[in-house]
Amino acid sequence: MGIARVTALVGERVAPFELGIAVQVFGTDRRDDDPALPHPLFRVAAARPGPVPTTGGFEVLVEHGLEALADADLVVVPAWPTLDAPVAEPVLEAVRAAVGRGARLLTICTGAFPAARAGLLDGRRATTHWQFTGLLAARHPRVRVEHDVLHVDDGPVTTSAGAAAGIDACLHVVRTEHGAAVANALARRMVTAAQRAGGQAQFVERPVPRSTAEPGIAQVLDWARAHLDEPLPVEVLARRALMAPRTFARRFREATGTTPHRWLVEERVRRAEELLESTDLTVEAIAARTGTGTAEALRAQFTARRGVGPATHRRTFRAAGPRG
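Since this is a predicted model, take the numbers as computed values, not measurements. All chains use their own residue numbering, which begins from 1 and follows the written sequence. Local features in this predicted model are restricted to residues whose pLDDT is 70 or higher, and side-chain atom pairs enter the listing and the counts only when it is 80 or higher, whereas totals over whole chains, interfaces and linings include all residues. Only hydrogens and water are removed before side-chain values are computed, so all heavy atoms of the structure are retained for them.

**Q** For the packing of helix α6 (residues 180–190) against helix α10 (residues 260–278), give the residues involved together with the corresponding values.
**A** Orientation is described by axes fitted as lines to C-alpha atoms, over the contacting stretch for helices, and by angles from 0 to 180 degrees between their N-to-C directions. Under the scheme used here, helices are H or I runs from DSSP no shorter than 4 residues and strands are E runs no shorter than 2 residues, and both carry numbers assigned from the N terminus. Contact geometry of α6 with α10 gives a least axis separation of 9 Å together with a crossing angle of 115 degrees. Where α6 approaches α10, its residues Ala180, Ala181 and Asn184 are matched on the opposing element by Glu273, Glu274 and Glu277. Any pair of residues with heavy atoms lying within 4.5 Å of one another is described as a contacting pair.

So, in structure tokens, the structure goes:
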């Protein structure tokens, strides 16, 4: 398991920010001060190598052709600016062949459109930037379009919404392939959130909770993370914020894009993920430390959100030795 070779596929024009996300996550060598961080072979490919114009008015030099997809462990398709232009069949076939032999596929923003044209999203859940989810659903009715999420994982294909959601999706893939510790270390280097849940709404009324003189949403989030082993009904959280429960629930969703319950479940699963990778604690002990309740409840929540059970996750991402 793990990603050794990454190829970013671009079309006749390049969206530089979205391509830059792939470069930052997969194509930048950060082993100078953290040798544990992976550094896969990173290539940018196009149907016709050479100078490719960007949406920003400059060009990027693409050195590789479609052959660079043949051995990639991960194919990244950044935003695809030419939605109304046909996608060359050799491009579609190269992506199909990569997924067919076992490569992962990650699309950022409108990169979902060429993936859908290749038939790789048929029958799958998928998303794109909220401005284009309706168009994706209309053009590709066999795709189960999720209209208001940050990213979706369905089999070997991960699709994400626009811009910053691409960072979340890339870190999600790193977390899935290399473990929570690596993803968290990489996020620290990038000065970004280690993980926003994929099911979080794309549009959040206040992405950063307002600071107040009284304990507010941001302070409650920090406090709750430190007390995950305790019962945390919305009434308890609301008291910490000095709000009525209804007011707190409304402001929490405005600030985070999700409900207090869903946020707590994700935080507990994330903490369980870290403990599985770094300790010898039993699943029962981890369930207690994370406030999940029983081992059975933890297994159900973990499997629903990570696609595998706690034991499988531990075997896959086990650290070199126990640390707690």
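**Q** Run through the sheet that holds strand β5 (residues 74–77), naming residues and quoting values.
**A** Here, a strand pair is defined by DSSP locating no fewer than two bridges between the strands. Spatial ordering of the open sheet is given by β2-β1-β5-β6-β10-β9, a layout of six strands whose pairing is mixed. Edge strands, defined here as strands with exactly one partner in the open sheet, are β2 (41–45) and β9 (151–154). The sheet shows a mean angle of 15 degrees between the axes of neighbouring strands, taken without regard to direction. Its contacts with the sheet place helix α1 (residues 16–26) against β1 (5–9), β2, β5 and β6 (104–108), and it is angled at close to 165 degrees to β2.

**Q** Outline the pairing of β2, listing residues and values.
**A** Residue burial is assigned from relative accessible area. The probe radius is 1.4 Å, only protein chains are included, and a residue is buried under 20% of its type maximum, exposed over 50%, and partly exposed in between. Of all the five residues making up β2, four are buried; the element is thus mostly covered by neighbouring parts of the structure. Bridging between β1 and β2 involves five bridges; their strand directions are parallel. Bridging across to β2, Val6 finds its partner in Phe42. Crossovers are marked right-handed if the path from the first strand over the helix to the second runs clockwise, as seen with the strands pointing away from the viewer. This β-α-β element, β1 to α1 to β2, shows right-handed connectivity.

**Q** I'd like to hear about the nonpolar core, residue by residue, with values.
**A** In terms of nonpolar packing, the biggest core is built from 35 residues, with Phe26, Leu74, Val76 and Leu106 touching the most fellow members. Secondary structure elements with two or more residues in this core: β1, α1, β2, β5, β6, α5 (164–178) and α6. Residues in contact with Leu74, not counting those within four places in the same chain, are Ile3, Arg5, Val6, Thr7, Phe26, Arg104, Leu105, Leu106 and Val173. Here, nonpolar core refers to any group of buried Ala, Val, Leu, Ile, Met, Phe, Trp, Tyr and Cys residues whose side-chain atoms link them within 4.5 Å. The next biggest cluster of nonpolar side chains, apart from the first, holds 31 residues, and it includes Leu69, Val87, Ala118 and Ala126.

**Q** Talk me through empty space enclosed by the protein; I want residue IDs and the actual numbers.
**A** Lining residues are defined by having an atom within 4 Å of a point belonging to a cavity or pocket. Those points lie on a 1 Å grid over the protein atoms alone, cavities being sets where a 1.4 Å probe fits but cannot get out and pockets being open sets with protein on both sides within 12 Å along at least five of seven lines. Grid points are joined across faces, edges and corners, and a volume is the space filled by probe spheres set on the points. One pass over the full model with this rule turns up one cavity of 30 Å³ or more. Here the largest cavity defines a volume of roughly 90 Å³. What lines the largest cavity is simply Ile3, Val25, Phe26, Thr28, Leu37, Pro38, Pro40, Val174, His178 and Leu186. Gly is placed with the polar residues, together with every amino acid not listed as nonpolar (Ala, Val, Leu, Ile, Met, Phe, Trp, Tyr, Cys and Pro) or charged (Asp, Glu, Lys and Arg). Partitioning the lining of the largest cavity into residue classes produces eight nonpolar, two polar and no charged.

**Q** Report on unusual backbone geometry, specifying residues and quantitative values.
**A** The backbone of Cys109 shows a phi angle near 60 degrees, a positive value even though the residue is not glycine. Note on placement: Cys109 falls in the loop between β6 and α3 (112–117). With phi around 45 degrees, Ala163 is a residue other than glycine that occupies positive phi space. Relative to the assigned elements, Ala163 resides in the loop between β10 (157–160) and α5. Take Ala163: its relative accessible area is 31%, and that puts it in the partly exposed class.

**Q** Outline the pattern of salt bridges, listing residues and values.
**A** Should a side-chain nitrogen of Lys or Arg be within 4 Å of a carboxyl oxygen of Asp or Glu, the pair is scored as a salt bridge. Applying the stated criterion to the full structure yields 18 salt bridges. One salt bridge in this structure joins Asp71 and Arg5, with 4.0 Å as the shortest N-O distance. On the criterion of sequence distance, the pair formed by Asp71 in the loop between β4 (59–62) and β5 and Arg5 in strand β1 is long-range, its members being 66 residues apart. Note on Asp71: relative accessible area 33%, which makes it partly exposed. Among the salt bridges present, the one from Asp222 reaches Arg225, with a minimum N-O distance of 3.2 Å. Note that Asp222 and Arg225 are positioned in helix α7 (residues 217–225) at a spacing of three residues, about one turn of the helix. Overall, the relative accessible area of 38% leaves Arg225 in the partly exposed class.

**Q** An account of α10 is requested, with residue identities and associated values reported.
**A** The end-to-end C-alpha separation of α10 is 27 Å, in line with the 27 Å expected for 19 residues at 1.5 Å each. Of all 19 residues in α10, 15 are buried, a share of seventy percent or more. Here, expected helix span is obtained from the residue count minus one, scaled by 1.5 Å.

**Q** Which residues make up the layout of surface pockets, and what values go with them?
**A** In this approach a probe as big as a water molecule rolls over the atoms, and the regions it shows empty are the leftover space. Taken as a whole, the second largest pocket spans an internal volume of roughly 240 Å³. In this structure, the second largest pocket is lined by 15 residues; those nearest its centre are Val10, Gly11, Glu12, Ala47 and Arg48. Residues of the lining of the second largest pocket, tallied by class, amount to eleven nonpolar, two polar and two charged.

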